[in-house]
Amino acid sequence: MTARAPSAPERAARRSRTRPRTTPAIYPPRDLTPLPLFDPRAQRIAAGGLLVGGAGWGAGQLLLGAGQLVSAAAGLGSLVMWAAIAVVASRIAPTILGAGRPTTVHNTTVHNRWFGRSTH
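Conventions adopted
- Residues numbered from 1 in each chain as written.
- Predicted model: local features only at pLDDT ≥ 70, side-chain atom pairs only at ≥ 80, totals over all residues.
- Heavy atoms only, no water.
- Helix = DSSP H or I, 4+ residues; strand = E, 2+ residues; numbered from the N terminus.
- Buried < 20%, exposed > 50% of the residue type's maximum accessible area, 1.4 Å probe, protein only.
- Areas by Shrake-Rupley, 256 points an atom, 1.4 Å probe, with all protein chains shown as cover.
- Expected span 1.5 Å × (residues − 1).
- Bend = angle between axes of the 7 residues up to and from the residue.
- Patch = residues over 30% accessible without salt bridge, like charges linked within 9 Å, V, L, I, M, F, W, Y side chains within 5 Å.
- Salt bridge = Lys/Arg side-chain N within 4 Å of Asp/Glu carboxyl O.
- pLDDT = per-residue confidence, 0-100.

J.: Help me understand the overall build of the protein chain, please; the structure alone is not making it clear to me.
T.: Tallying secondary structure elements over the protein chain gives two helices and two strands in all. When the helices and strands of the protein chain are read in sequence order from the N terminus, they spell out α-α-β-β. A buried classification covers 0% of the 120 residues belonging to the protein chain. Split by element, the accessible area of the protein chain, about 12,000 Å² in all, is 65% carbon and sulfur.

What follows is the structure, given as structure tokens:
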């Protein structure tokens, strides 16, 4: 038995059975919400850097103020030291230069006698 060639309508029917029917593609609706201008992770990293920089600047200002306080205290200590030197010098200078007050020495001799009599 020899196979006969299918006729044109048979070929068309066979093709329609084997080929899938093409349906129009249905696309999901597009998301049109605006995206952030900068990456949120990059924003967090930048904010952390600004925070650390601000904290460093504040700590520097605090230490600068503390340094000025220590400097003022050192200046006050220097002033007190010079005042003490001036007081000591004013007390010592007359003695060294010989222009001090004359000192008076009183020598008192007391002779005690019998029965409560004393002479000077």
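J.: Sorry if this is basic, but what is going on with helix 2 (residues 40-97) here?
T.: Quick reminder: α-helices carry 3.6 residues per turn. Residues three or four places apart thus point the same way. Between its first and last C-alpha, helix 2 extends 84 Å over 58 residues, near the 86 Å set by a 1.5 Å rise per residue. Along its length, helix 2 reaches its greatest deviation from straightness, about 30 degrees, at Arg91, and the proline Pro94 lies no more than four positions downstream.

J.: So what exactly am I meant to see when it comes to a nonpolar patch on the surface here?
T.: Taken together, the side chains of Val88, Ile92, Ile96 and Leu97 make up a nonpolar region of the molecular surface, amounting to roughly 430 Å² of accessible area. Structurally, Leu97 can be placed in helix 2.

J.: Is there a simple way to explain the confidence of the model for the protein chain in this structure?
T.: Low-confidence regions, as indicated by low pLDDT, have predicted coordinates that should not be scrutinised in detail. Per-residue confidence for the protein chain gives a mean pLDDT of 83, with 86% of residues at or over 70. For the protein chain, helix 1 (residues 8-18) is the element with the lowest average pLDDT, namely 68, and helix 2 is the one with the highest, namely 91.

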